[in-house]
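If you want the building blocks of each chain, they are given just below.
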Amino acid sequence: VASEVRGAQAACAAAGARLWVNDYGRIAVSEGAYGVHLGQEDLAALTDSEAGMEELRALSDAGVRLGVSTHTFAELAAALAVGPSYVALGPVFATTSKRVVAAAAGL
């Protein structure tokens, strides 16, 4: 994954774009990505342990932005507790590509 992120980061830098990495916070930091996006399971795994909280602090200390997916008010509260740069609210549309616990809200 690191080599893929490294290549994507180089392409983004050449194009003047910012790279967001899905799930791999440590790799986002090591490769100089702009941000990392976490789903609820990933966020819960980090906030449930001191080691995970250290990883969140390392993101912040490195200047890597944090984005978090949310589907319910409780998930929104959990996301806001870690001070993300953005929160994704959804799902907006139904999907068959992955299991989603919340019903599509629409626009």
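Residues numbered from 1 in each chain as written. Predicted model: local features only at pLDDT ≥ 70, side-chain atom pairs only at ≥ 80, totals over all residues. Heavy atoms only, no water.

Draft legend 1. Local environment of the overall build of the chain. For the chain, the count of helices and strands is 5 helices and 4 strands. Shown N-terminal to C-terminal, the secondary structure of the chain runs as helices and strands in the order α-β-α-β-α-α-β-α-β. C-alpha extents for the chain along the principal axes are approximately 40 × 35 × 20 Å. Looking at the chain as a whole, 31% of its 107 residues are labelled buried. (Helix = DSSP H or I, 4+ residues; strand = E, 2+ residues; numbered from the N terminus. Buried < 20%, exposed > 50% of the residue type's maximum accessible area, 1.4 Å probe, protein only.)

Draft legend 2. Summary view of the environment of glycine 106. Looking at where glycine 106 falls in the secondary structure, it is placed in the segment after strand 4 (86–89). Sequence separation between glycine 106 and tyrosine 86 is 20 residues, and the spatial gap between their C-alpha atoms is 20 Å. When near neighbours in sequence (up to four residues on either side) are disregarded, glycine 106 contacts Pro91 and Val92. (Contact = heavy atoms within 4.5 Å.)

Draft legend 3. Main features of the nonpolar core. Residues Val36, Leu38 and Leu66 are the most contacted members of the largest nonpolar core, which totals 17 residues. Of all the elements in the fold, those that place two or more residues in this core are helix 1 (2–15), helix 2 (25–30), strand 2 (35–38), helix 3 (40–47), helix 4 (50–61) and strand 3 (65–70). Excluding anything up to four places from it in sequence, leucine 38 contacts Asp23, Leu43, Leu46, Leu56, Leu66, Gly67, Val68 and Ser69. (Core = buried A, V, L, I, M, F, W, Y, C linked by side-chain atoms within 4.5 Å.)

Draft legend 4. The arrangement of the packing of aromatic side chains in detail. In this structure the tally under the stated criterion is 2 aromatic pairs. Ring plane angle 75° and centroid distance 5.0 Å describe the contact between tryptophan 20 and tyrosine 86, whose orientation is recorded as edge-to-face. Of this pair, tryptophan 20 sits in strand 1 (residues 20–22) while tyrosine 86 sits in strand 4, placing them 66 residues apart in sequence. Note on tryptophan 20: relative accessible area 32%, which makes it partly exposed. An aromatic cluster of three or more residues is present, and its members are Trp20, Tyr34 and Tyr86. (Phe/Tyr/Trp six-rings, centres within 6.5 Å; stacked < 30°, edge-to-face > 60°.)

Draft legend 5. Seen up close, the sheet that holds strand 1. The 4 strands are arranged 1-2-3-4 in an open sheet whose pairing can be described as parallel. Pairing within the sheet leaves two strands with one partner each, and these edge strands are strand 1 and strand 4. Each strand axis lies, on average, 25° off the axis of its neighbour in the sheet, ignoring direction. Relative to strand 3, strand 2 is paired through 4 bridges, and the arrangement is parallel. Bridging from a neighbouring strand, leucine 38 pairs with valine 68 of strand 3. (Pairing = 2+ DSSP bridges. Axes fitted to C-alpha atoms, helices over the stretch in contact; angles between N-to-C directions.)

Draft legend 6. A look at helix 4. An ideal rise of 1.5 Å per residue puts 16 Å on 12 residues; helix 4 measures up with 16 Å between its terminal C-alpha atoms. Residues of helix 4 that are buried include every one of Gly52, Glu55, Leu56 and Leu59, and no others. End-on, the buried residues of helix 4 take up no more than an arc of 95°, which puts them together on one face. Of the exposed residues in helix 4, the ones pointing more than 90 degrees away from its buried face are Glu50, Ala51, Ser60 and Asp61. The inward-facing, buried residues of helix 4 contact helix 2, strand 2, helix 3 and strand 3. (Expected span 1.5 Å × (residues − 1). Arc of directions from axis to C-beta.)

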